[in-house]
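What the coordinates show
Here are the chains, one letter per residue:
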Amino acid sequence: MAENSATQGTTLFSPYKMGNFNLSHRVVLAPMTRCRALNGIPQPGLAEYYTQRSTNGGFLITEGTLISNTAAGFPHVPGIYNEEQVEAWKKVVDAVHAKGAIIFCQLWHVGRASHQVYQPGGAPPISSTNTPISNRWRILMPDGSYGIYPKPRALEAYEILDVVEHYRKAALNAIRAGFDGIEIHGAHGYLIDQFLKDGINDRTDEYGGSIGNRCRFIIQVVQAVVSAIGAERVGVRISPAIDHLDATDSNPLGLGLAVIERLNKLQVDLGSKITYLHVTQPRYTAYGQTESGKPGSEEEEAHLIRTFRKAYQGTFICSGGYTRELGMEALAQDEADLVSYGRLFISNPDLVLRFKINAPLNKYIRKTFYTQDPVVGYTDYPFLNKGGQEPLSRL
């Protein structure tokens, strides 16, 4: 049962006011790397992909979008740091807006989850640490093969403010491109998470050691972006309990609460709230997958999300292995305001409709997640009204 009367009867299809945005339902397109932006430039295929998944009053978050020329760790991911990229994104955003949807750009720097082949001049990737990601993980190379993560270079303290500035400029570029706002990617073992997690951050300066010091970078980024484009256009994503790319922490609950405490304080100081907090939980067993770390018990995970939800003073988005049923349950029990879906949205461009009428879902094809074909495995998954009520046999 819902914990308060405000959530009685809340479903994935209930409207929601997210800051200044009026959403017609609560099914969110989660950010997902798809590697279709050739040479970092959004192509027409991206406009088709996002438009297919747009609904009137729906909310979409783009794939991770590079804030600088040192930010990449995958082939052919889009950037938002030069004019050509900004102009290309305008076409995508305009197409989404024409469907009546709201779209945020996820700002991304992978940090040590990169390789010299992706770095200017073949330099080592930057991070909070000089320690590389372990051989448990592999990096996707431009030729489609998988390589070993190299030793990164720990940023000097004075350099960190330059990276903060890259986030600020990228946010301004996103607004110029027409985006309704941005999401700061502070999750999943990438650069910001490399500062947050004590399993990675081994610094002895003001950015390392105590939990307050480890939170310093993310809060500086949030402050810089908010000052540039306004709190009402800024979302933040964190994943305290996800150990993807060795991003472990000795106290995930405490870390998440520390970030939330600082976001709450920032909101009070500003006199306005950021758009949302987006938290990933490690529940991948719904798909028989544990690719982003070992999930804890369902009760442990539920407690984690509930605690973060209760602590954060604002719109709360949850993600991580949600099905239709799990999403409905999360909303009914007031564990979230919105639920973001990733892989199910890849193979079901009309996921909102399918959820609404409880129709069968197309199965996703994992081998085409990160290929460069602008159609196959990207924009060719069938709609109900084009492919009939049953998933195609090839899927």
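We now turn to the structure provided with this report. In this text, all values refer to a predicted model and were calculated from it rather than measured experimentally.

Glancing now at the overall build of the protein. A count of helical and extended segments in the protein gives twelve helices and 14 strands. Scaling as 2.2 N^0.38, a compact globule of 395 residues should have a C-alpha radius of gyration of about 21 Å, and the protein matches this with 20 Å. With the C-alpha coordinates aligned to their principal axes, the bounding extent of the protein is approximately 55 × 50 × 40 Å. Among the 395 residues that make up the protein, the fraction classed as buried is 60%. For the protein, the exposed surface amounts to about 15200 Å²; the carbon and sulfur share of it is 52%. Taking the average location of the 39 positive side-chain charges in the protein and that of its 39 negative ones, the two points are 3 Å from each other.

For the pair helix H6 (residues 216–229) and helix H7 (residues 252–270), the least separation of the axes is 11 Å and the interaxial angle reads 30°. One way to sum up the angle between H6 and H7 is to call them roughly parallel. In the packing of H6 onto H7, the handedness of the crossing is right-handed. In contact with Ile218, Ile219, Val222, Gln223 and Val226 of H6, H7 contributes Val259, Arg262, Leu263, Leu266 and Leu270. The residue makeup of the contact of H6 with H7, split by class, is eight nonpolar, one polar and one charged.

Across the nine residues of helix H1 (residues 44–52), seven count as buried, placing the element largely inside the fold. Those residues of H1 that sit buried are Gly45, Leu46, Ala47, Tyr49, Tyr50, Thr51 and Gln52. Each element contacted by the buried residues of H1 is listed here: strand S3 (27–29), strand S4 (59–66), helix H2 (83–98), strand S5 (102–108) and helix H10 (343–347).

Parameters and conventions
- Residues numbered from 1 in each chain as written.
- Predicted model: local features only at pLDDT ≥ 70, side-chain atom pairs only at ≥ 80, totals over all residues.
- Heavy atoms only, no water.
- Helix = DSSP H or I, 4+ residues; strand = E, 2+ residues; numbered from the N terminus.
- Rg over C-alpha atoms; globule rule 2.2 N^0.38 Å.
- Buried < 20%, exposed > 50% of the residue type's maximum accessible area, 1.4 Å probe, protein only.
- Areas by Shrake-Rupley, 256 points an atom, 1.4 Å probe, with all protein chains shown as cover.
- Lys, Arg positive; Asp, Glu negative; His and termini not counted.
- Charge placed at Lys NZ, Arg CZ, Asp CG, Glu CD.
- Axes fitted to C-alpha atoms, helices over the stretch in contact; angles between N-to-C directions.
- Parallel < 35°, antiparallel > 145°, perpendicular 65-115°, else oblique.
- Left-handed = near helix turned anticlockwise from the far one by under 90°.
- Contact = heavy atoms within 4.5 Å.
- Nonpolar A, V, L, I, M, F, W, Y, C, P; charged D, E, K, R; others polar.

Interpretation in functional terms is not warranted from these geometric data alone.
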